[in-house]
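# Structure assessment
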Number of protein chains: 2
Amino acid sequence: MIVVMGTFRVAPEHIDTLLPLARKVAEATRAEEGCIQYGYAQDIDDPALFHVAERWTDRAALMSHAKSAHMAEWVAARSGLGFHDRMIRLYETDEGVAI
Amino acid sequence: MIVVMGTFRVAPEHIDTLLPLARKVAEATRAEEGCIQYGYAQDIDDPALFHVAERWTDRAALMSHAKSAHMAEWVAARSGLGFHDRMIRLYETDEGVAI
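Reading the values: the criteria
- Along each chain, numbering runs from 1 in the same order as the chain's sequence is written.
- The naming scheme follows written order: chains are lettered A onward, ligands numbered 1 onward.
- Two thresholds apply to this predicted model, a pLDDT of at least 70 for residue-level local features and 80 or more for giving and counting side-chain atom pairs, whereas whole-chain, interface and lining totals are computed over all residues.
- The side-chain values count all of the structure's non-hydrogen atoms but skip hydrogen atoms and water molecules.
- UniProt positions are given in the numbering used here, feature names are shortened, and annotations may be inferred rather than shown by experiment.
- Labels follow the DSSP assignment, with helices taken as runs of H or I lasting at least four residues and strands as runs of E lasting at least two, numbered in each case from the N terminus.
- Only C-alpha atoms enter the line fits that serve as axes; for helices the fit covers just the stretch in contact. Angles between N-to-C directions range over 0 to 180 degrees.
- The labels follow the angle: roughly parallel below 35 degrees, roughly antiparallel above 145, roughly perpendicular from 65 to 115, and oblique for the rest.
- Left-handed is the label given to a crossing in which the near helix is rotated counterclockwise from the far helix by less than a right angle, and right-handed is the label when the rotation is clockwise.
- We call two residues contacting when some pair of their heavy atoms lies within 4.5 Å.
- Summed over both partners, buried area is the accessible surface (1.4 Å probe) that two parts give up on being assembled.
- Definition used for salt bridges: Asp or Glu carboxyl oxygen within 4 Å of a side-chain nitrogen of Lys or Arg.
- Here a polar contact is taken to be a pair of N or O atoms separated by no more than 3.5 Å, where protein atoms must pair a possible hydrogen donor with a possible acceptor and residues adjacent in sequence count only if both atoms sit in side chains.
- The copies were overlaid by least squares, fitting only the C-alpha atoms of residues that reach a pLDDT of 70 or more in each copy.
- Here a strand pair is declared whenever DSSP counts at least two bridges between the two strands.

Glancing now at the UniProt feature "domain: ABM" (unreviewed entry) in chain A. Within this structure's numbering, the places UniProt gives as "domain: ABM" (unreviewed entry) are residues 2-91 of chain A. A helix fraction of 39% and a strand fraction of 37% characterise residues 2-91 of chain A, whose end C-alpha atoms lie 6 Å from each other.

Listed below in structure tokens is the structure:
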């Protein structure tokens, strides 16, 4: 399994513009083959700091996602909204354990 | 390295009460030995759905955290705020790769 976790920032004045775009790409992504979890969340200390939480069955599913039309649309749209500080990491792991 | 990722829900009417408590435990936790990352974030589709994003150097650091006074305080406080649907998983992995 693949866990993807990290954060990115947007310009505070563009948060309201970004939110519907983020909801759209997240919804489209959750429908993709091999997508176990895909969500965006706003940090409780800083609403301009977005958390990314993803789980994928395997790398192939994630690679296919990366080439999807909705991701291309999302990458283009966010670039005009002060998107920066993207720190996202991929972890190869097992299903994990509930704690 | 240990990645901890998941979500929990609180009663919508208690979100405002929960936020300062979550900020407090998160701040205390980030100061702990072995804590690489520890954050809470509100899902962009549902503000009552909280995401948990943690990274620890090893299990011992996480176990020590679990026994900390600030976690005991947090667990007690959240129980009165409609805390439910806790779905958090621990993943043993390496440092991951930036993507």
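All names here are of chain B. Look at helix 1 (residues 15-30) against helix 3 (residues 69-79): their axes get within 10 Å of each other, and the N-to-C directions meet at 165°. Taken together, the axes of helix 1 and helix 3 lie roughly antiparallel to each other. The chirality of how helix 1 crosses helix 3 is left-handed. Of the residues in helix 3, those touching helix 1 at L18, L21, A22, K24, V25, A28 and T29 are H70, M71, E73, W74, A77 and R78.

On to the interface of chain B and chain A. Accessible area lost when the parts come together is the quantity often used to give the size of an interface. In this assembly, 36 residues from chain B lie in contact with 36 residues from chain A. Roughly 3000 Å² is buried in total at the junction of chain B and chain A, and carbon and sulfur atoms are behind 58% of that figure. Contact with chain A buries surface across chain B, with M5(B), I44(B) and I99(B) losing the most and accounting together for 26% of the total. Taken together, the connections running from chain B to chain A amount to 4 salt bridges. Between R30(B) and D45(A) there is a salt bridge, with the nearest N and O atoms lying 3.2 Å from each other. Our count for the chain B to chain A interface comes out at 19 residue pairs in polar contact (both at pLDDT 80 or more). Elements with a contribution of two residues or more to the side of chain B that touches chain A: strand 1 (2-9), helix 1, strand 2 (35-43), strand 3 (49-56), helix 2 (59-66), strand 4 (84-92) and strand 5 (97-98) of chain B.

Moving on to the relation of the copies chain B and chain A. Mapping chain B onto chain A leaves a residual RMSD of 0.0 Å; the transformation is a rotation of 180° accompanied by 0.0 Å of translation along its axis. Such a combination of rotation and displacement between the chain copies is what one expects of a two-fold axis. The residues that chain B uses at the interface reappear at the interface of chain A in 100% of cases, marking a shared surface.

The strand order 5(A)-4(B)-1(B)-3(B)-2(B)-2(A)-3(A)-1(A)-4(A)-5(B) describes an open sheet built from 10 strands, whose pairing is antiparallel. Of all the strands in the sheet, just strand 5 (97-98) of chain A together with strand 5 of chain B have a single pairing partner and so form its edges. Bridge count for strand 5 of chain A against strand 4 of chain B is 2 bridges, and the pairing is antiparallel. For V97(A), the partnering residue across the bridge sits in strand 4 of chain B and is L90(B). With respect to the sheet, helix 2 (residues 59-66) of chain A is in contact with strand 1 (2-9), strand 2 (35-43), strand 3 (49-56) and strand 4 (84-92) of chain A together with strand 5 of chain B, its orientation differing from that of strand 3 of chain A by roughly 130°. Packed on one face of the sheet, helix 1 of chain B meets strand 1, strand 2 and strand 3 of chain B and runs near 165° to strand 2 of chain B.

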